[in-house]
Amino acid sequence: METILLFSSFAILLLLRVPIAVSLIAATTFVFWLDGSFSMWTIPQKIFTSMNSVTLMAIPGFVLAGTIIAKGGIAKYLIESLKSWIGHVSGGLSVVTIVACMFFAAISGSSPATAAAIGSIMIPAMVNAGYSKRYAMGLVASAGTLGILIPPSIPLIVYGVVTEQSIGALFMAGVIPGVGLTICLIIYAIIYARIKGYGRLEKASWSERIQSSKKAVWGAFLPVLILGCIYSGATTPTEASIVSSVYAVIISLFVYKERSLQKWKEILNESIGITAMIMLIIAGAMTFSLFMTQEQIPQALAAKMMAMESLDVVLFFVLTAILFFILGMFLESSSIMLITLPLLLPIMITLGINPIHFAIVMIINMEIAQITPPVGLNLFVISGIAKSKLDEVFKGSLPFIIVMIIYMIIVMAFPELSLWLPNRSV
């Protein structure tokens, strides 16, 4: 009865549009209060304990770096350089958009931030070049999801904290699948552009290419700096996030000079807001997991699933993919992981599934969730930027969703895509 009451309270609060984190904390606290035998002081202790993590300190660092890049000129000059090199080929602006999203993803670790930063520049540019607005919106919304797959990835940090896996190994695991998905999106975009006859930009001269590349090289070096620091062992992911923030501040202030000191308040306010949202969701999910542990729900669910005669690795991946797809329609990625992982981890271990491989499959699931209504974050971001209806953005994203589903099946079937780099580093 307590479990039913908890999920019912949580569902009602979500329907009332109460924020996810507040809904989790309120529903769990209410059920514990009704129980009477539970010490309510344990709840604030659990919340503060969940926040007391050095690993989680990487989140504000990468969020700040991503915000500076989006608003400090780095993203703009990177896109200009890419346009000068490949903007003249058929579907060139599509390729520029996807590659720009890949680069920005390797800096920010956030899918909505990637979609917002690239979309505000590329959607008007693509429409002016003759691309349909629906296609341009769908492309940016879909390519923006690379922000949570290519390292550094905020959801992968959350996954590592919950499952006690190495953040560095998880970041390595995301490199090959992230590049592979980027290539798949580029192939589809080029084929589609040629079929529709979408135009090309005027070919840039070599002097223009060299000039734009000189401006962009400072920003393009940032992903190399971040991943180089982590993989060389020079810094932890948390320390690398601070290094990336400091580097982004220096480049924005003294190289590009795009922002005056007075305007940095806007950047800091946005970074604080995003970080606070993520941290509050983590606190709410940890409270929720306290109830799960108290009632031994993960163990009970794992026992029931393992009792299924037909349950094997393939069926487990299929069932979890369906589960994540449904949950992704209503919750954002960090919430889904924090709620489901305590339930799924015992089953994974029993079936012998590598947690790092499962992490990448799960993240691709979360990418698809970012562009599925009614709560796909990237849909809302692009809808707001382009001032279009949500269903138009979703229709533009549908072909890319199909590409991503096919690619997710490939990653499921070939664990080496996720595990080759982490295993090489052992």
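So, here is what we can say about the structure in this document. (Residues numbered from 1 in each chain as written. Predicted model: local features only at pLDDT ≥ 70, side-chain atom pairs only at ≥ 80, totals over all residues. Heavy atoms only, no water.)

## A few points about the overall build of the protein
Phase 1 of the analysis: The helix and strand inventory of the protein stands at 20 helices and zero strands.
Phase 2 of the analysis: The C-alpha atoms of the protein give 22 Å as radius of gyration, which agrees with the globular expectation for 426 residues (22 Å, within 12%).
Phase 3 of the analysis: With the C-alpha coordinates aligned to their principal axes, the bounding extent of the protein is approximately 75 × 50 × 45 Å.
Phase 4 of the analysis: When burial is assessed residue by residue, the protein has 53% of its 426 residues classed as buried.
Phase 5 of the analysis: Counted over contacts in the protein with a minimum sequence separation of 6, partners at least 24 positions apart contribute 78%.
Phase 6 of the analysis: Looking at the protein as shown, the accessible area adds up to about 18,400 Å², and 68% of this sits on carbon and sulfur atoms.
Phase 7 of the analysis: Separation of charge centres in the protein, based on 23 positive and 18 negative side chains, amounts to 16 Å. (Helix = DSSP H or I, 4+ residues; strand = E, 2+ residues; numbered from the N terminus. Rg over C-alpha atoms; globule rule 2.2 N^0.38 Å. Buried < 20%, exposed > 50% of the residue type's maximum accessible area, 1.4 Å probe, protein only. Contact = heavy atoms within 4.5 Å. Areas by Shrake-Rupley, 256 points an atom, 1.4 Å probe, with all protein chains shown as cover. Lys, Arg positive; Asp, Glu negative; His and termini not counted. Charge placed at Lys NZ, Arg CZ, Asp CG, Glu CD.)

## As for the nonpolar core
Phase 1 of the analysis: The biggest cluster of nonpolar side chains holds 115 residues, and the ones touching the most others in it are Ile59, Tyr159, Ile282, Phe316 and Phe358.
Phase 2 of the analysis: For this core, the element with the most residues is helix α6 (residues 92–108), which contributes 11 residues.
Phase 3 of the analysis: Leaving out residues up to four positions away in the same chain, tyrosine 159 has contacts with Glu164, Gln165, Leu170, Met337, Leu341, Met348, Pro355, Phe358, Ala359 and Met362.
Phase 4 of the analysis: In this structure, Leu24, Ala283, Phe288 and Ile339 belong to the second largest nonpolar core, which totals 15 residues. (Core = buried A, V, L, I, M, F, W, Y, C linked by side-chain atoms within 4.5 Å.)

## Details of a nonpolar patch on the surface
Phase 1 of the analysis: Together, Val217, Trp218, Ile242, Val246, Ile250, Phe254 and Val255 line one region of the surface with nonpolar side chains, adding up to about 640 Å² of accessible area.
Phase 2 of the analysis: Elements supplying a minimum of two residues to the nonpolar patch: α11 (206–231) and α12 (237–256).
Phase 3 of the analysis: Residue placement: valine 255 occurs in helix α12.
Phase 4 of the analysis: For valine 255, a relative accessible area of 33% corresponds to the partly exposed category. (Patch = residues over 30% accessible without salt bridge, like charges linked within 9 Å, V, L, I, M, F, W, Y side chains within 5 Å. Salt bridge = Lys/Arg side-chain N within 4 Å of Asp/Glu carboxyl O.)

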